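An overview of the molecular structure
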Amino acid sequence: MPVHMMTTAQGLPRNSIACLTPGPNGTMWMCSSEGLARFDGYNLRIFGPEHGLPSRVIFDFTPARGGGYWVVTDKGICRLKPGSRIGEPCPLFTNTPRHAFLGGEIHESASGATWLLSGKELLRVDVAGRRIEPLGLQMGEELLSVADGPAGSLLIGCVTGIYQWRAGQKPRRLNGKLGEFGVGAIFPLASGGFWVGTSGGLYGLRFEGTSNQPIWTPDLLKGRRDITNIYRAPSGRLWAVSDKTLLQLAIDPDDTPRLIAEFGRGDGLPDARVDTV
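In this text the structure is predicted, and so the values were computed from the model without any measurement.

**What about the overall build of the protein?**
- The secondary structure content of the protein amounts to 0 helices and 23 strands.
- By the compact-globule yardstick of 19 Å for 277 residues, the protein fits well, its C-alpha radius of gyration being 19 Å.
- With respect to the principal axes defined by its C-alpha atoms, the protein has extents near 55 × 50 × 30 Å.
- In the protein, 38% of the contacts between residues at least 6 apart in sequence involve partners at least 24 apart.

**Observations regarding the packing of aromatic side chains**
- Following the criterion strictly, the structure yields 10 aromatic pairs and no others.
- Ring plane angle 45° and centroid distance 5.8 Å describe the contact between tryptophan 29 and phenylalanine 47, whose orientation is recorded as tilted. Highlighted residues: tryptophan 29 in strand S2 (residues 28–32) and phenylalanine 47 in strand S4 (residues 44–47), separated in sequence by 18 residues. The exposure classification of tryptophan 29 matches that of phenylalanine 47, with both residues buried.
- Taking the centre distance of 6.3 Å and the plane angle of 90° together, the rings of phenylalanine 194 and phenylalanine 207 count as edge-to-face. Of this pair, phenylalanine 194 sits in strand S17 (residues 194–198) while phenylalanine 207 sits in strand S18 (residues 201–208), placing them 13 residues apart in sequence. Residues phenylalanine 194 and phenylalanine 207 agree in their burial class; the two are buried.
- Through successive ring pairs, a cluster of aromatic residues spans Trp29, Phe47, Phe61 and Tyr69.
- Note that arginine 79 overlies the ring of tryptophan 70, its terminal NZ or CZ placed 5.4 Å from the centroid.

**Describing the state of the cysteines**
- Counted according to the given criterion, the structure contains 2 disulfides.
- Disulfide pairing is shown between cysteine 19 and cysteine 31; the S-S distance is 1.8 Å. Linking cysteine 19 and cysteine 31, the disulfide has an S-S dihedral of approximately 60° and is accordingly described as right-handed. Here the residue cysteine 19 occupies a position in strand S1 (residues 19–22), and cysteine 31 occupies one in strand S2, the gap between them amounting to 12 residues.
- Residue classification places cysteine 19 among the buried positions, given a relative accessible area of 6%.
- Taken in N- to C-terminal order, the disulfide-linked cysteines of the protein are connected 1-2, 3-4.

**Things to note about the sheet that holds S17**
- Strand order in this open sheet of 4 strands is S16-S17-S18-S19, and the pairing throughout is antiparallel. The sheet is open, and its two borders are formed by strand S16 (183–188) and strand S19 (213–217), each paired with just one other strand. Adjacent strand axes in the sheet meet at a mean angle of 25° when their direction is disregarded.
- As judged from the 5 bridges shared by S18 and S19, these two strands associate in the antiparallel manner. In the strand pairing of S19, arginine 206 is matched with isoleucine 215.

**Describing the sheet that holds strand S7 (residues 76–80)**
- As summarised here, the arrangement of the 3 strands in space is S5-S6-S7, forming an open sheet in which the pairing is antiparallel. If you trace the sheet from one side to the other, it starts and ends with strand S5 (58–63) and S7, each paired once. Strand-to-strand twist of the sheet, defined as the mean angle between neighbouring strand axes without regard to direction, takes the value 15°.

Parameters and conventions
- Residues numbered from 1 in each chain as written.
- Predicted model: local features only at pLDDT ≥ 70, side-chain atom pairs only at ≥ 80, totals over all residues.
- Heavy atoms only, no water.
- Helix = DSSP H or I, 4+ residues; strand = E, 2+ residues; numbered from the N terminus.
- Rg over C-alpha atoms; globule rule 2.2 N^0.38 Å.
- Contact = heavy atoms within 4.5 Å.
- Phe/Tyr/Trp six-rings, centres within 6.5 Å; stacked < 30°, edge-to-face > 60°.
- Buried < 20%, exposed > 50% of the residue type's maximum accessible area, 1.4 Å probe, protein only.
- Lys NZ or Arg CZ within 6 Å of the ring centre and 35° of its normal.
- Disulfide = S-S within 2.5 Å.
- Pairing = 2+ DSSP bridges.
- Axes fitted to C-alpha atoms, helices over the stretch in contact; angles between N-to-C directions.

Nothing here speaks to function; it is all geometry.
Shown next, in the form of structure tokens:
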């Protein structure tokens, strides 16, 4: 697989990239602390406040349900409507004034609710009212990932483990065999189970019985650590990040991962931690 490096020398705003989001017609969007970059296969263009964005510091840029994009910045979030272009104003949703905004991952649940991770807090996004609403729900540690769980719940990955939460209830810690590893990725499987990417490796998680008892399967990738991102490409290919390597995976019938290929320094990747794919 040919690898082509892009750095500030090729026009990137920063060498550290917070997100990669495929766009139409083969374009790629990249988040950074110095602007939102668009690469069309030939040229890079950088967008910031002078192009209608609320800030240069972009944490996330992700497709929104119904079209358009969510933009998560250090000032708050905004939504580019379907058919709008970068350069048109993207007004901020009203933010809670009682704390500094610590934008992170945004998640649209199958139920229609929209959630935002902000530091140690989970926030609800009121799309119709254009507001960000605090829930008073704090785990006491940084939140890293979120996914829909069973029976209308949310699974929330933190620095020392994973929680299950339902509206109106206290968060339920699920660690079990997971120990106290950080959970950077929660990947739903068609069977209803999950792969959980952690600093200690890739774990399997499923729920059994009316009480949704969590059942863990440890070390699915046999010693590979720091699984911080799992991504299914539009082509159907499945990728995972493991420290300084990129893994191509397949899902076997028993929900275990099968390693197809592994790419690292010898294949042209830099000798640096891989953060996202």
